[in-house]
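Inside the fold
One-letter residues, chain by chain:
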Amino acid sequence: MKYALRIKRHLTVYKGLPGDVYLLFAATVIGKAGSFVMPLLTLILTMKIGYTEAETGLIATIAFAAQMPFMMLGGRLGDKIGSRKVIILFQSLGALVYLGCAFLSPGAAMTVLIIAATCLIAVTMPALNALVAQVTPKDKVSNAYSLMYLGNNLGM
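Throughout what follows, the structure given in this document is the object of discussion. (Residues numbered from 1 in each chain as written. Predicted model: local features only at pLDDT ≥ 70, side-chain atom pairs only at ≥ 80, totals over all residues. Heavy atoms only, no water.)

1. So, the layout of surface pockets
By volume, the largest pocket is sized at about 500 Å³. Lining the largest pocket are 22 residues, and of these Gly 31, Lys 32, Gly 34, Ser 35 and Ile 121 lie nearest its centre. Going through the elements one at a time, helix H2 (19-33), helix H3 (37-49), helix H4 (53-81), helix H5 (83-101) and helix H6 (108-135) are the ones with two or more residues in the lining of the largest pocket. Per element, the largest residue contribution to the lining of the largest pocket is five residues, and it comes from H5. Of the volumes computed, that of the second largest pocket is approximately 180 Å³. Asp 20, Leu 23, Leu 24, Ala 27, Arg 84, Ile 87, Ile 88 and Leu 131 together form the lining of the second largest pocket. Within the residue set of the lining of the second largest pocket, elements represented by two or more residues are H2 and H5. At four residues, the largest contribution of residues to the lining of the second largest pocket is made by H2. (1 Å grid on protein atoms, 1.4 Å probe; cavity = no way out; pocket = protein on both sides within 12 Å on 5 of 7 lines; lining within 4 Å. Points joined across faces, edges and corners; volume = space filled by probe spheres on them. Helix = DSSP H or I, 4+ residues; strand = E, 2+ residues; numbered from the N terminus.)

Laid out in structure tokens, this is it:
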């Protein structure tokens, strides 16, 4: 009981935030839950396709490195067309590409599509962070970013 009260006390900092922040929190948890795809990709590459651990490590490194320019693109696009549009467009595109992977047998095409989907989702990260600041009153911004950080951790 004492532990539950302590948790409740810690969660009160997230009370009173705008509804959009809670929606962004949910999107963050769901988006980060999708990050299980990279460990899954390494299993597919080694166990299903037959790549060596060195080849799999190289492909995973390339996949992670490929996300960096897409995040920078997301920041630019967020400034140009708006964070909400970037989030909706690229989360949807990424989800469709992931869905397409479900209909493929493990192979090079699936690997490329998984990497493409992670890059599309990466575009949305700067827009999510910018949108938090846009929809939150100045006195609650640190609480909102704290909630987003919690969402990152919960999703992972």
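2. Comments concerning the pattern of salt bridges
For the structure on display, the rule yields one salt bridge. Its salt-bridge partner being Asp 20, residue Arg 84 comes within 3.6 Å of it at the nearest N-O pair. Separated by 64 residues along the polypeptide, Arg 84 in helix H5 and Asp 20 in helix H2 bring together distant segments of the chain. Arg 84 gets classed as partly exposed once you look at its relative accessible area, which sits at 46%. (Salt bridge = Lys/Arg side-chain N within 4 Å of Asp/Glu carboxyl O. Buried < 20%, exposed > 50% of the residue type's maximum accessible area, 1.4 Å probe, protein only.)

3. Considering H5
The end-to-end C-alpha distance of H5, which contains 19 residues, comes to 27 Å, matching closely the 27 Å that a straight helix rising 1.5 Å per residue would cover. Along H5, the positions that sit buried rather than exposed are Ser 83, Val 86, Ile 87, Phe 90, Gly 94, Val 97 and Cys 101. Relative to the axis of H5, the buried residues are bounded by an arc of 115° and lie together on one face. In this structure, H5 carries Lys 85, Ile 88 and Leu 96 as exposed residues pointing more than 90 degrees from its buried face. (Expected span 1.5 Å × (residues − 1). Arc of directions from axis to C-beta.)

4. Focus on the environment of Thr 42
Here Thr 42 shows up in helix H3. It is 26 Å that separates the C-alpha atoms of Thr 42 and Gly 74, two residues lying 32 residues apart in sequence. When residues no more than four places from it in sequence are discounted, the contact partners of Thr 42 are Thr 56 and Ala 60. Within the structure, the side chain of Thr 42 is placed 2.6 Å from the backbone oxygen of Pro 39, a separation counted as a polar contact. (Contact = heavy atoms within 4.5 Å. Polar contact = N/O pair within 3.5 Å; in protein donor to acceptor, adjacent residues only side chain to side chain.)

5. A look at the state of the cysteines
Counted under the stated rule, the structure contains zero disulfides. For Cys 119, which is in no disulfide, the shortest distance to another cysteine sulfur is to Cys 101 and amounts to 12 Å. (Disulfide = S-S within 2.5 Å.)

Read these as geometric descriptors, not functional statements.
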